[in-house]
Structures are given as C-alpha cells and as structure tokens.
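Understanding the architecture of this molecule
Chain residues, written in single-letter form:
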Amino acid sequence: MSNVILQVLERDLPELPPQVAEIIEELRDPNLIDRPVLIRKINECGNLGAAVLRVVNSVGQRRGRRARSLEDAILLVGLEATRHIILGILLQALFPQRQLLENFDRRSFFRHCLGTGLAAQLLCQEAGLSGRFDTYKLVNYGLIHDIGILALDRCLPVTLNRIFQIATEENIPILQAEGKVLGRHTHSAIGQWVCTKWHLPPDIRNVVQYHHAPRRAQVNKQEIIIMHIADTISFNYYESLRESVHKYEIEADLVESLGLSMAQILKVEEALPQRVERALEILEPIAQDAPCIF
Ligand SMILES: [Fe+2]
Ligand SMILES: [Fe+2]
C-alpha cells in the first residue's frame, strides 16, 4: 500500500476501545463463544445490548415474538445470527454516520451496503441455499464488505471525495475512478489492512479481501461468490442512484456455479430497490440511535 495512505491510516484510525476489542475477540470463532461471558461483556458496553434487542425485535415483530433480554434474543434468532447482529452494530458504530463530503453520498453508500446484503439473501433464495446462509450474516457481510471505503471516509475524506468527483466529472464507473486515485491500493486492500489492525474475525476479513476477486478466495468460496455477485448487483443499483449509465458485468460462470440463470439474476436486480426501501424503514431509526463508541 502507498506509504502516504498507510501512514495516514496508521495515524488516524483509532485503536478499538478495549471493551469493543474484547467483544470482537469473543465473537472471533462462532464455535467458541462463551454465552454468559459474551452477555456480560455486552451488558457492560453502553447501550449495545439495547441496540441488539431493537434489531432483533424490529424483525421479530413480524413473527409476533419479542426478546426482553440478550438470552431471549439468542433463543429467538440463534447464536450465529446474534453474533452477526452484534458485529454489524459495532462495526457500523465505529464510523461516522454524518455527511460532510460534497461528492461522497453517505446515505447512498449505506443503501449500497444494505443492498449488497439483501441481494445476497435474494440470490440464496433463488438458488435454494437459504437454509445454508443465515440472513443476518449476509446482511452483516453486506454492511461491512466495503469497510475500506468507510476507513477512507474517516481518515482520508479528501481522497475519497476526489474519487467520487472524478467519477462524476469524467463520467466513469466509481471503481475506475478509484483506480485513478488509489492505483492498485484499492478499498479491498485498505479494508484488509483495517481487518488486520482491529483483529476482526476471519470470516469478515475473507469477505472484505475477496469480494472483488472471488476466484482467489481460499475458504468459503461459495459464500464469497454470493457476496461478489450481490455486490455487483447492488453496485449497479448504486450507480443508478447517481444517475450513472455504467453497469458492471456479472460473469456467467460464477452465476452458473451457484446453480442460477441470468434470468434469475435479473429477477433479483428488479426486486432489490423495493427490498432496500423496506429494510431502510426498519434500520434507519436504529442507526440514528446507534451506540457511541469513540
Ligand atoms: Fe467493494
Ligand atoms: Fe460494494
């Protein structure tokens, strides 16, 4: 990575507060989670527990069941889902929700991230894989896959602004503009650096590192292909939000590897905007009430 970018990130990306680092460490391996220890640590971490309950109950409302404690939440949605809800809330809370930059639209970017998770869910439904991939996990992966962009927003906002300015002025896709500004030090490479610095769990690091290069993934390859295609579908939706005509291509062999057809991809593309709007109605009020970590 460019020395300048790395130096700024090293200087400006804060260390995780010890309480947060301990919770993330507890969530590192889903098979090794000690429930009483996890619950105690969450209850000691500001309003994190309340935020987890809000997410669980916002979705659980539809099922007519309500969690009153973290123990209830785990019983209601399961330990793996709870793990991803906690990680999703914590990692979002590490980055500012504000919109300061002229060319980087934080709200549209959130739509892209949420859209990536929801597109992944729709792809799994189409492929008959819903039973294998938890919805909360896919949404969390969507929310965090572009953590490199969030790190740029936090530490190098002028650089990020320049990427979006060039994309608009030269009427080129955002990823092409990123290449012009960052060279080979893409947001995936920056995201990978953030995952290492903060000791984020390996499954999250894998998604961050390979969502633009799924063929290079060594583990959980099917999961990475799902996230890659979902990211592309959602990126095209994101480009359409800024009235761009650019469309990223989806590779047919990757689609086939999931047992899907291009007609099914089109179906997901058509369903996505409405799904995102519905999910925003639930998530935006929760995001405004997110725990304050730094
Ligand atoms: Fe990305
Ligand atoms: Fe993305």
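It should be noted that the structure appears before, not after, this text.
Residues numbered from 1 in each chain as written. Chains lettered and ligands numbered in written order. Predicted model: local features only at pLDDT ≥ 70, side-chain atom pairs only at ≥ 80, totals over all residues.

**Some words on the overall build of the protein**
Looking only at helices and strands, the protein has 16 helices and zero strands in total. On C-alpha atoms alone, the protein measures out to a radius of gyration of 18 Å, which is about the 19 Å that the 2.2 N^0.38 rule sets for 294 residues. For the protein, the proportion of its 294 residues judged to be buried stands at 40%. Contacts in the protein between residues at least 24 apart in sequence constitute 67% of all its contacts with a sequence separation of at least 6. (Helix = DSSP H or I, 4+ residues; strand = E, 2+ residues; numbered from the N terminus. Rg over C-alpha atoms; globule rule 2.2 N^0.38 Å. Buried ≥ 20, exposed ≤ 12 C-beta atoms within 10 Å, placed from the backbone. Contact = placed C-beta atoms within 7 Å.)

**Notes on helix α9 (residues 147–155)**
Taken across its nine residues, α9 has seven buried, putting it largely inside the fold. Of the residues making up α9, those classed as buried are I147, G148, I149, L150, A151, L152 and D153.

**As for the packing of helix α2 (residues 18–26) against helix α3 (residues 35–43)**
Two packed helices can be described by the angle between their axes and the distance between those axes. The interhelical angle for the contact between α2 and α3, taken along N-to-C directions, is 155°, at an axis separation of 10 Å. As the angle between them shows, α2 and α3 are arranged roughly antiparallel. Like other packed secondary-structure pairs, α2 and α3 cross with a definite hand, here left-handed. Taking contact as the criterion, the partners of E22, I23 and E26 in α2 are, on α3, V37, L38, K41 and I42. Its residues assigned to classes, the contact of α2 with α3 comprises four nonpolar, no polar and three charged. (Axes fitted to C-alpha atoms, helices over the stretch in contact; angles between N-to-C directions. Parallel < 35°, antiparallel > 145°, perpendicular 65-115°, else oblique. Left-handed = near helix turned anticlockwise from the far one by under 90°. Nonpolar A, V, L, I, M, F, W, Y, C, P; charged D, E, K, R; others polar.)

**What to know about the environment of L100**
The topology assignment puts L100 in the loop between α6 (79–93) and α7 (106–127). The exposure class of L100 is exposed, given the 10 C-beta atoms found within 10 Å. Each C-alpha atom of the pair L100 and P173 lies 22 Å from the other, and the pair is 73 residues apart in sequence.

**Quick word on the packing of α9 against helix α12 (residues 187–197)**
Interhelical geometry of α9 versus α12 gives an angle of 85° and a closest axis separation of 7 Å. Taken together, the axes of α9 and α12 are roughly perpendicular relative to one another. Taking contact as the criterion, the partners of I147, G148, I149, A151 and L152 in α9 are, on α12, H187, S188, I190, G191 and V194. Its residues assigned to classes, the contact of α9 with α12 comprises six nonpolar, four polar and no charged.

**Quick notes on α2**
For α2, every residue scored as buried is listed here: V20, I23 and E26. Buried positions in α2, seen along its axis, are confined to an arc of 125° and lie on one side of it. (Arc of directions from axis to C-beta.)

**Thoughts on unusual backbone geometry**
Even without a glycine there, the phi angle at H199 is positive, about 50°. Here H199 shows up in the loop between α12 and α13 (202–210). On the neighbour-count criterion, H199 (13 C-beta atoms within 10 Å) is partly exposed. A positive phi angle, close to 50°, is found at N220, a residue other than glycine. Position of N220 among the secondary structure elements: in the loop between α13 and α14 (221–241).

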